[in-house]
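Structural description and commentary
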Amino acid sequence: AFAVSVVSEGAEDETELPVLQKSEKSRTISKIGRELKGIVFVIQSQSNSFHSKRAEDLKRDILKQAIDVGKELPTVLLIHQIDRHEGAWTILPLMTDFSVNYGRNTSWIFFCEEDTRIKVVKLLETLRRFDKSKEWFLGKALYDEESTIIHHYAFAENPTVFKFPDFAAGWALSIPLVNKLARKLKSEPLKSDFTIDLKHEIALYIWQKGEGPHLTPVPEFCTDDVNSYKADDCATTFSNFLPLCGEPVNKEDVFVAVKTCRKFHGDRIPVVKQTWGREAALIEYYSDYADISIPTIDLGIPNTDRGHCGKTFAILQRFLNHTSPRTPWLVVVDDDTLISISRLRKLLSCYDPNEPVFLGERYGYGLGTGGYSYITGGGGMVFSRTAVQKLLASKCRCYSMDAPDDMVLGMCFSGLGIPITHSPLFHQARPMDYPKDYLSHQIPVSFHKHWNIDPVKVYFTWLAPNTEESHNGKKVGYNREDL
């Protein structure tokens with residue numbers, strides 16, 4: 001505006017316009033460069049080759065945008081390369097390192113997923129609205145509409161009051177808050193406990209029973225698709241799709257093992273056969289009783305009321321010994337798991353079965369003090385044949401037949417140095433146990449539990465190959481809002 005006013009006052013000043021413009025542009029670039037250097041970008045990356053490449057692509061994109069607008073480059077970290085912590089993916093164990101390394105000369109730590117898309121200049125403009133000398137916890141707000149098991153029924157009286165960030169949109173901590181969290185961790189180390197829903201648990205930790213900051217919703221942190229008309233006002237967007245890296249893997253490349261027991265043959269197995277079981281070319285039902293009408297296979301392992309480690313390891317052994325060595329993938333599910341085999345086949349096109357892949361929804365145990373990550377069984381556990389071979393060759397086994405199979409597998413793979421691979425498209429709970437806005441940018445692969453739901457409806461609403469599916473000869477369509 002200043003340059004234009006100079007020109008309007010007289011022709012003799014027109015020669016000054018390019019100089020003024022260059023000077024103004026130079027000052028702007030310098031300011032942007034300083035602000036960019038004040039942000040540490042942390043990408044929630046994984047070491048699996050498919051995921052690490054996506055994270056590296058995002059890192060390159062951030063740095064390219066930075067080069068385009070200024071000489072100073074921000075720091076971009078990939079979580080899987082921070083190998084000093086088994087629980088680096090849970091973020092909180094890294095606060096001390098962040099405080100030591102960046103606590104003096106940066107302003108913000110910005111966290112994002114590998115599929116988050118960032119407009120760097122727009123992000124800077126957004127962060128400028130907040131006083132970086134104060135404690136800020138910024139993100140796109142999610143909340144529970146009803147209390148849920150995955151959040152330990154927190155805020156049961158009114159779960160909508162507590163907001164937590166949608167990691168897909170990115171979220172940010174100001175350095176004063178990072179420093180405060182680091183001091184708290186020094187005096188009160190993290191407990192050896194379960195990590196189930198990280199975004200909710202981080203928000204609870206920061207909130208500190210009302211003594212710390214609440215999440216501040218930021219409308220520019222979005223999960224709209226980058227091509228959406230809404231994306232113009234967004235600093236972040238999210239790649240809203242089911243990954244597909246070529247043709248889906250063949251039906252015959254996926255062997256499905258269903259864990260069941262005699263008492264559930266009559267109610268759960270018919271649901272499998274009515275819904276997703278028809279998508280599977282290779283499927284077997286493993287039970288404590290051989291029922292030829294299903295048919296089920298008795299593995300000789302008695303049913304247990306707690307964990308099913310003995311049964312699962314028997315399934316892994318059978319997969320190696322009794323299936324074609326050309327079948328690269330094994331999926332182990334519970335009899336009350338609802339899964340889309342067609343979507344899983346698309347997802348698996350992105351993974352190399354020659355790598356030891358152990359895929360599903362990641363949980364953690366004791367990660368503040370070492371611990372290990374594991375794939376929670378209810379959402380489905382996917383193994384490459386290579387992973388099963390390495391596991392069974394290691395002699396790592398159940399410490400008891402009724403040990404929790406998913407946790408023992410996590411311990412075994414951790415001991416072998418084989419990382420588990422997380423996908424948020426697998427779900428240990430029912431659709432109503434997750435915020436609607438969180439599920440709105442997913443194409444889910446699985447849900448779990450038949451409790452207080454019609455599982456057939458849930459399948460045909462959320463997981464069937466088409467939103468309307470022919471069921472018993474009739475076209476049916478269900479409203480997700482009701483489920």
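Quantities reported herein were computed from a predicted structural model and do not represent experimental measurements.

1. Section: the overall build of the chain
Helix and strand content of the chain: 14 helices and 24 strands. Put simply, the chain has 483 residues, and 54% of those count as buried. Put simply, of all contacts in the chain between residues at least 6 apart along the chain, 72% involve residues at least 24 apart.

2. Overview of the sheet that holds strand β14 (residues 296-298)
The 7 strands lie next to each other as β14-β13-β12-β15-β20-β17-β21, forming an open sheet whose pairing is mixed. Each having just a single partner strand, β14 and β21 (421-422) make up the two edges of the open sheet. Bridge count for strand β12 (residues 254-259) against strand β13 (residues 282-287) is 5 bridges, and the pairing is parallel. Bridge pairing in β13 places Ala257 opposite Glu284. Against the sheet, helix α10 (residues 341-348) touches β12, β15 (329-334), β17 (358-360) and β20 (381-384), its axis set at about 130° to β12.

3. Overview of the state of the cysteines
Counted under the stated rule, the structure contains 4 disulfides. The disulfide bridge from Cys245 ends at Cys350, spanning 2.1 Å between sulfur atoms. Judged by the sign of its S-S torsion, about 90°, the cystine formed by Cys245 and Cys350 is right-handed. Taken as a pair, Cys245 in the loop between β11 (236-238) and β12 and Cys350 in the loop between α10 and β17 lie far apart in primary sequence, 105 residues in all. Using a relative accessible area of 37% as the deciding quantity, one classes Cys245 as partly exposed. At a sulfur-sulfur separation of 2.2 Å, the disulfide partner of Cys309 is Cys398.

4. Observations concerning helix α5 (residues 120-127)
Buried residues of α5: Val120, Leu123, Leu124, Thr126 and Leu127, and no others. When α5 is viewed along its axis, its buried side chains cluster within an angular range of 160° and face the same direction.

5. Here's the deal with the pattern of salt bridges
According to the stated counting rule, one finds 21 salt bridges in the structure shown. One salt bridge connects Asp405 with Lys259, and the closest N-O pair in it is separated by 2.5 Å. Residue Asp405 is located in helix α12 (residues 405-415), and its partner Lys259 is located in strand β12; the two are separated by 146 residues in the primary sequence. With respect to burial, Asp405 and Lys259 carry one shared label: buried. Because the salt bridges share partners, they merge into one network encompassing Lys53, Asp57 and Arg60.

6. Thoughts on the nonpolar core
Core analysis: the biggest nonpolar cluster contains 85 residues, and Met95, Phe98, Leu173 and Trp276 have the highest contact counts within it. When residues are assigned to domains, this core turns out to be shared by domain 1 (34-238) and domain 2 (251-463), each giving three or more. Other than its neighbours up to four places away in sequence, Met95 contacts Phe111, Leu173, Val178, Leu181, Ala182 and Leu185. Leu58, Leu78, Trp108 and Ala235 belong to the second-largest nonpolar core, a separate cluster that totals 27 residues.

7. So, the packing of helix α9 (residues 309-322) against helix α11 (residues 385-393)
One way to put it is that α9 packs onto α11 with a least axis distance of 10 Å and a crossing angle of 115°. The two elements α9 and α11 cross, and the hand of that crossing is left-handed. Across from Phe313, Leu316, Gln317, Phe319 and Leu320 in α9, the residues of α11 making contact are Arg385, Val388, Gln389, Leu391 and Leu392. Residue classes in the contact of α9 with α11 are distributed as 7 nonpolar, 2 polar and 1 charged.

8. Let's talk about the sheet that holds strand β3 (residues 108-113)
Pairing is mixed across the open sheet formed by 6 strands, whose spatial order is β2-β1-β3-β8-β5-β10. Looking at the sheet topology across the chains shown, the edges are occupied by β2 (75-78) and β10 (216-217). Where β3 meets strand β8 (residues 171-174), 4 bridges bridge the pair, whose relative direction is antiparallel. Paired with Trp108 across the two strands is Ser174, which belongs to β8. On the sheet, helix α3 (residues 49-69) packs against β1 (39-44), β2 and β3 and is oriented at approximately 175° with respect to β2.

9. Examining the pairing of β15
Every regular strand shows the same layout, with side chains that alternate between the two sheet faces. Of all 6 residues in β15, 6 are buried, a share of seventy percent or more. Alternating residues of β15 divide into Trp329, Val331 and Val333 and Leu330, Val332 and Asp334, and every residue in both groups is buried. Here β12 pairs with β15 via 6 bridges, running parallel. Considered in β15, the bridge of Phe255 is made with Leu330. Two elements, β15 and β20, share 4 bridges in a ladder whose sense is antiparallel.

10. Some thoughts on the side chain of Thr323
Here Thr323 shows up in the loop between α9 and β15. Polar side-chain contacts of Thr323 include one of 2.4 Å to the backbone oxygen of Phe319. One polar contact links Thr323 to Arg385, side chain to side chain, over a distance of 2.7 Å. Non-local contacts of Thr323, meaning those with residues more than four positions away in its chain, are made with Phe255, Arg318 and Arg385.

11. Considering the confidence of the model for the chain
Looking at the chain, pLDDT values average 90 and 89% of them are 70 or higher. Segment residues 1-15 is flagged for pLDDT under 50; beyond a separation of four residues in sequence, or across chains, it makes 6 contacts in the model. A low-confidence stretch, residues 467-477 stays under pLDDT 50, and its non-local contacts, those more than four residues away or across chains, total 15 contacts.

What counts and how
- Residues numbered from 1 in each chain as written.
- Predicted model: local features only at pLDDT ≥ 70, side-chain atom pairs only at ≥ 80, totals over all residues.
- Heavy atoms only, no water.
- Helix = DSSP H or I, 4+ residues; strand = E, 2+ residues; numbered from the N terminus.
- Buried < 20%, exposed > 50% of the residue type's maximum accessible area, 1.4 Å probe, protein only.
- Contact = heavy atoms within 4.5 Å.
- Pairing = 2+ DSSP bridges.
- Axes fitted to C-alpha atoms, helices over the stretch in contact; angles between N-to-C directions.
- Disulfide = S-S within 2.5 Å.
- Arc of directions from axis to C-beta.
- Salt bridge = Lys/Arg side-chain N within 4 Å of Asp/Glu carboxyl O.
- Core = buried A, V, L, I, M, F, W, Y, C linked by side-chain atoms within 4.5 Å.
- Domains from an automatic or database assignment.
- Left-handed = near helix turned anticlockwise from the far one by under 90°.
- Nonpolar A, V, L, I, M, F, W, Y, C, P; charged D, E, K, R; others polar.
- Polar contact = N/O pair within 3.5 Å; in protein donor to acceptor, adjacent residues only side chain to side chain.
- pLDDT = per-residue confidence, 0-100.

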